[in-house]
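# Geometric and topological summary
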Amino acid sequence: DERRSAPPPLAAEWGTPAETYRHLRRVHSRDGEAYCVISIHLDEAIFRLAPRRFRKETIIPVLLELPQVRIAQAQQTLRISVADVETARLLGIPMNATVAEVARMFRDDDGRVIYVAEIAYRADYIRFRMDLKV
């Protein structure tokens, strides 16, 4: 699913929205099993630099390869939640099943928000490992 869109709702501290965004919605899967639903808002001016690549490839590696794009700041927040009707359908899980919701934002040198992603991961695909100091 892809379309031009107005700026997504942004947290005030994230920065200034771009004029328009390209909205891309995808379901990622591994071995035929859907594991996340991702909704991306990408600055339309940046999307136009490589539209074919952005449509077919994973967005972040493409952003990192474009010399015209500089990511000055990136933030990500993880929250444990439950699947709504659409997310459950797309992931093949029961409604209200546990999901990990990730909100991700990239800002350029001018404080403009160039990338916003909202991702819902199946809980059974999430693993955290931390080396603790004692």
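Scroll up to find the structure.
Bear in mind the structure is a predicted one, so any value in this text is a computation, not a measurement. (Residues numbered from 1 in each chain as written. Predicted model: local features only at pLDDT ≥ 70, side-chain atom pairs only at ≥ 80, totals over all residues. Heavy atoms only, no water.)

### Digging into the nonpolar core
Going by this rule: By nonpolar core we mean a set of buried residues, namely Ala, Val, Leu, Ile, Met, Phe, Trp, Tyr and Cys, connected to one another through side-chain atoms within 4.5 Å. Under the scheme applied here, a residue whose accessible area is under 20% of the maximum for its type counts as buried, over 50% as exposed, and between as partly exposed, the area being computed with a 1.4 Å probe on protein chains only. Secondary structure is summarised from DSSP: a helix means a run of H or I of at least four residues, a strand means a run of E of at least two, and numbering begins at the N terminus for each. Whether two residues are in contact is decided by their heavy atoms, any of which lying within 4.5 Å being enough.
With 23 residues, the main nonpolar core has Ile40, Leu42, Phe54, Ile59, Leu63 and Tyr115 as its most contacted residues. Of all the elements in the fold, those that place two or more residues in this core are strand E4 (33-43), helix H1 (44-47), helix H3 (59-65), strand E6 (98-107) and strand E7 (112-122). With residues near it in sequence (within four places) discarded, leucine 63 still touches Leu42, Ile46, Phe54, Val69, Ile71, Phe106 and Tyr115. Listed in part, the eight residues of the second largest apolar core include Val37, Ala83, Ala97 and Val99.

### Quick notes on the pattern of salt bridges
Pairs may arise between side chains of opposite charge once their charged atoms sit close together. We count it as follows: Within this document, salt bridges are pairs made up of a side-chain nitrogen of Lys or Arg and a carboxyl oxygen of Asp or Glu, the two lying within 4 Å of each other.
Applying the stated rule across the entire model yields 12 salt bridges. Salt-bridge contacts for arginine 25 lead to glutamate 86; the nearest nitrogen and oxygen are separated by 3.4 Å. Here arginine 25 is found in strand E3 (residues 21-30), whereas its partner glutamate 86 is found in helix H4 (residues 85-91), with 61 residues between them in sequence. Take arginine 25: its relative accessible area is 22%, and that puts it in the partly exposed class. Between glutamate 44 and arginine 48 there is a salt bridge, with its nearest N and O atoms 3.6 Å apart. A relative accessible area of 56% places arginine 48 in the exposed class. Bridged by salt links that share partners, the residues Arg22, Glu44 and Arg48 form one connected network.

### Focus on a nonpolar patch on the surface
Let me state the cut-off plainly: Residues enter patches when their relative accessible area tops 30% and they take part in no salt bridge; the joining distance is 9 Å for like charges and 5 Å for the nonpolar side chains Val, Leu, Ile, Met, Phe, Trp and Tyr. Residue exposure ignores everything except the shown protein chains as possible cover, and the areas themselves are Shrake-Rupley values with a 1.4 Å probe.
Taken together, the side chains of Leu78, Ile80, Phe128, Met130 and Leu132 define a hydrophobic patch exposed on the protein surface, amounting to about 620 Å² of accessible area. Mapped onto the secondary structure, phenylalanine 128 falls in the segment after E7.

### Observations regarding the packing of aromatic side chains
Spelled out, the test is: By convention, a stacked pair of Phe, Tyr or Trp rings (six-membered ring in the case of Trp) has centres within 6.5 Å and planes under 30 degrees apart, an edge-to-face pair has planes over 60 apart, and any other such pair is tilted. Criterion for a charge above a ring: Lys NZ or Arg CZ within 6 Å of the ring centre, and within 35 degrees of the ring normal.
This model, assessed by the stated rule, comprises three aromatic pairs. Each ring, one from tyrosine 35 and one from tyrosine 125, has its centre 5.5 Å from the other, and the planes form 20°; the classification is stacked. With a gap of 90 residues between them, tyrosine 35 in strand E4 and tyrosine 125 in the segment after E7 connect regions that are remote in the sequence. Judged by its relative accessible area of 16%, tyrosine 35 is buried. Relative to phenylalanine 54, the ring of phenylalanine 47 lies with its centre 6.1 Å away and its plane at 25°, an arrangement referred to as stacked. Sitting over the face of the ring of tyrosine 35, arginine 30 holds its NZ or CZ atom 5.0 Å from the ring centroid.

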